[in-house]
Amino acid sequence: MNEYDSERIAGRLEGLGFIAGTDIFSSDLVVLNTCSVRAKPEQKTASLLGKLRRNRDKTGLPQAVGVMGCMAQDKGAELIKRFKNVDFVLGTDRIERLNDLIKEIGGGKKFIDTAQGGEFFVEQFGRKKGVTAKITIMKGCNNFCSYCIVPYVRGRETCRNKADIISEAERLIESGVKDITLLGQNVNSYISEDGRSFPDLLAETAAISKGVRIRFVTSHPKDFNERLAEVIKEHKNICPLIHIPLQSGSDRILKVMNRGYTADSYLDKLRKAAEITPSLRFSTDIIVGFPGESEADFLKTAEVFREVEYETAYIFNYSPRSGTRAYKLPDEIPLKEKTRRLEYLLSIQEEITEKRYKAALGETVQVLAESVSKKDPFQLSGRTEYNRVVNFKAEKASPGDMVKVRITEVKKNTLSGRSDY
Ligand code: 5AD
Ligand code: SF4
């Protein structure tokens, strides 16, 4: 979601005549699109703002600085007070304000706008289209998982009109896009203007996107049903990878997290889905060290984690977020212990990935070419339907082509091969 917003911000700035730079310290304007889901990204933003201020004081070069995204939404005026070099703060629903504001910055005037809601705003002009693109289908979240700040900073769930989503997909395809990701915090609770659910939207998008890959993130387990697996089975261009965060494998912790499912009901849904569509694979998010997570709770997470054999897993140390319900619970698990648990799960994931990679050796996979190496025009890079990066040699391929690649080499985190015409 943040990446998508960064594209929207960059697209808008380019539309206003700015040219993307590579060195933020010498740029006339720096816009930081921020994340506040955990403490770490917030600390990174604070440290970067400090560095920019020190650099400006040293060089004396004028530089305008804007903070946008979730941290801007959450902290608002506090950012202007704390960082004297910040000229404007715009909340997550205020990207379009860049237009009128940009002419007025500089000269010491400060701007803050963190109002939320209003129309479902989507860019009419974007950046140069590449091979892949994202389409936002909904914003906000109503789930209020007890650890999560998203419902507070992104607001309540709002679904975009299906007709608008479909016409955006058509426009993207016309411009040459070959891989579209439908985005939402919880796509499975999508409802269109005519009362259709997410599997209907997915089926309709896939049907108008012949030859184009369709992906979607994120699926909340409580709203996940078999219809989705059926739709994936019926449409060859929908990638059979479902990002379905488990968060914890302990029912006790899941309850305090307010997730609305148990480990068994989660596993049951995944099993049924895989029975319908055997090619399905899953990816996940896990939080370790949630308040009160005992060793026994953690081992339950590890058990489910092992059983599913995720394609990819994002594992996080619990990070207390002010304003959430879990914030009131003591964050008593020491960082060292959280990290031990995190590393344990990572080591399981590494084993699984290694096993998958070894099995892939000698196989032929469909890779959508996304880029060409600057040094060698016959060396390309792309992704499989399971979102695995593959580097490959091909004589006749260019970005946007679907290429059959035979995997000839497997390294720790990369698959390499050559085109198999
Ligand atoms: N601490 C750690 N991880 C968190 N996430 C959300 N909030 C927190 C938090 N307070 C993780 C969840 C979510 C992912 C986007 O970020 O795993 O799925
Ligand atoms: Fe946060 Fe839960 Fe909503 Fe995901 S579903 S954004 S974890 S509140």
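Residues numbered from 1 in each chain as written. Chains lettered and ligands numbered in written order. Predicted model: local features only at pLDDT ≥ 70, side-chain atom pairs only at ≥ 80, totals over all residues. Heavy atoms only, no water.

*Asks:* With reference to specific residues and values, describe the domain arrangement of the protein.
*Replies:* We note that the domain assignment places domain 1 (2-113), domain 2 (132-359) and domain 3 (361-418) within the protein. Put simply, the middle of domain 2 and the middle of domain 3, counted by C-alpha atoms, are 26 Å apart. With 16 residues of domain 2 in contact, the opposing surface of domain 3 contributes 20 residues. Of the roughly 1600 Å² buried at the junction of domain 2 and domain 3 (both faces included), carbon and sulfur atoms supply 50%. Applying the counting rule to domain 2 against domain 3 returns eleven residue pairs in polar contact (both at pLDDT 80 or more). Secondary-structure elements contributing two or more residues to the side of domain 2 that touches domain 3 are β9 (213-217) and α13 (335-360). Sorting elements by how many residues they give to the side of domain 2 that touches domain 3 places α13 first, with five residues. Within the side of domain 2 that touches domain 3, the residues separate by chemical class into five nonpolar, three polar and eight charged. (Domains from an automatic or database assignment. Contact = heavy atoms within 4.5 Å. Buried area = accessible area lost by both parts, 1.4 Å probe. Polar contact = N/O pair within 3.5 Å; in protein donor to acceptor, adjacent residues only side chain to side chain. Helix = DSSP H or I, 4+ residues; strand = E, 2+ residues; numbered from the N terminus. Nonpolar A, V, L, I, M, F, W, Y, C, P; charged D, E, K, R; others polar.)

*Asks:* For the site of ligand 2, give the residues involved together with the corresponding values.
*Replies:* Around ligand 2, the structure places Cys 141, Asn 143, Phe 144, Cys 145, Tyr 147, Cys 148, Val 150, Pro 151, Gln 185, His 220 and Arg 259. By residue class, the composition of the shell around ligand 2 is seven nonpolar, three polar and one charged. (Near = heavy atom within 4 Å.)

*Asks:* Could you give an account of a negative patch on the surface, naming the residues involved and the relevant values?
*Replies:* Taken together, Glu 226, Glu 230, Glu 234 and Glu 275 make up a surface patch of like negative charges. At three residues, the largest contribution of residues to the negative patch is made by helix α9 (residues 226-234). Looking at the element boundaries, Glu 230 is found in helix α9. (Patch = residues over 30% accessible without salt bridge, like charges linked within 9 Å, V, L, I, M, F, W, Y side chains within 5 Å. Areas by Shrake-Rupley, 256 points an atom, 1.4 Å probe, with all protein chains shown as cover. Salt bridge = Lys/Arg side-chain N within 4 Å of Asp/Glu carboxyl O. Lys, Arg positive; Asp, Glu negative; His and termini not counted. Charge placed at Lys NZ, Arg CZ, Asp CG, Glu CD.)

*Asks:* Provide a residue-level description of the site of ligand 1, including the pertinent values.
*Replies:* As a matter of local geometry, ligand 1 sits amid Val 37, Arg 38, Tyr 147, Gln 247, Asp 285, Ile 287, Phe 316, Asn 317, Tyr 318, Ser 319 and Arg 321. Between ligand 1 and Arg 38 there is a distance of 2.8 Å, counted from an oxygen atom to a side-chain nitrogen or oxygen. Backbone polar atom of Tyr 147 to a nitrogen atom of ligand 1: 3.0 Å apart, as the coordinates give it. For ligand 1, the accessible surface in isolation is 400 Å², of which the surrounding protein chains cover 85%. Of all the secondary structure elements, the ones that give two or more residues to the shell around ligand 1 are β11 (281-288) and β12 (312-317). Considered class by class, the residues forming the shell around ligand 1 number five nonpolar, three polar and three charged.

*Asks:* Give me the lowdown on the pattern of salt bridges, citing residues and values where you can.
*Replies:* Inspection of the entire model under this criterion finds 39 salt bridges. Asp 200 is the salt-bridge partner of Arg 227, the closest N and O atoms lying 2.4 Å from each other. With Arg 227 in helix α9 and Asp 200 in helix α8 (residues 198-207), the pair connects residues that are 27 residues apart, well separated along the chain. Judged by its relative accessible area of 34%, Arg 227 is partly exposed. (Buried < 20%, exposed > 50% of the residue type's maximum accessible area, 1.4 Å probe, protein only.)

*Asks:* Go over the packing of aromatic side chains, please, and point to the residues and values.
*Replies:* A full pass over the atoms with the stated rule returns seven aromatic pairs. Their ring planes at 50° and their centres at 5.6 Å tell us that Phe 305 and Tyr 310 sit as a pair that is tilted. The pair Phe 305 / Tyr 310 is uniform in exposure class, with both members buried. Each residue in the set Tyr 147, Phe 290 and Tyr 318 is aromatic and connected to the rest through ring pairs, giving one cluster. One Lys or Arg, Arg 38, reaches over the ring of Phe 316 and ends 3.6 Å from the middle of that ring. If you follow Arg 281 out to its NZ or CZ, it ends over the ring of Tyr 386, 4.0 Å from the centre. (Phe/Tyr/Trp six-rings, centres within 6.5 Å; stacked < 30°, edge-to-face > 60°. Lys NZ or Arg CZ within 6 Å of the ring centre and 35° of its normal.)

*Asks:* Any details on the sheet that holds strand β8 (residues 179-183)? Residues and values, ideally.
*Replies:* Here three strands make up an open sheet; going across it, the order is β5-β8-β9 and the pairing parallel. Of all strands in the sheet, those bounded by a partner on one side alone are β5 (132-136) and β9. If you compare each strand with its neighbour and ignore which way they point, the axes differ by 25° on average. When β5 meets β8, the two strands line up parallel, connected through five bridges. Within the sheet, the bridge partner assigned to Ala 133 lies in β8 and is Ile 180. Its contacts with the sheet place helix α7 (residues 162-174) against β5 and β8, and it is angled at close to 165° to β5. (Pairing = 2+ DSSP bridges. Axes fitted to C-alpha atoms, helices over the stretch in contact; angles between N-to-C directions.)

*Asks:* If you had to explain the sheet that holds strand β1 (residues 29-34) to someone new, which residues and values would you point to?
*Replies:* Strand pairing in a sheet is mediated by backbone hydrogen bonds. Such pairs are either parallel or antiparallel. Taken in spatial order, the four strands make up an open sheet running β1-β2-β3-β4, and their pairing is parallel. Because the sheet does not close on itself, it has two edges, and the strands there are β1 and β4 (111-113). The mean inter-strand angle of the sheet, taken between neighbouring strand axes irrespective of direction, is 15°. Strands β1 and β2 (64-69) of the sheet are contacted by helix α1 (residues 2-15), whose axis makes an angle of about 160° with β1. Contacting β1 and β2, helix α2 (residues 39-59) crosses the sheet at an angle of about 170° to β1.

*Asks:* I'd like to hear about the nonpolar core, residue by residue, with values.
*Replies:* In this structure, Leu 182, Phe 198, Leu 202 and Phe 216 are the most contacted members of the largest nonpolar core, which totals 54 residues. Sorting elements by how many residues they give to this core places helix α11 (residues 263-276) first, with six residues. Excluding residues within four positions of it along the chain, Leu 182 makes contact with Ile 135, Ile 137, Ile 165, Val 187, Phe 198, Leu 201, Leu 202, Thr 205, Ile 214, Arg 215, Phe 216 and Val 217. (Core = buried A, V, L, I, M, F, W, Y, C linked by side-chain atoms within 4.5 Å.)

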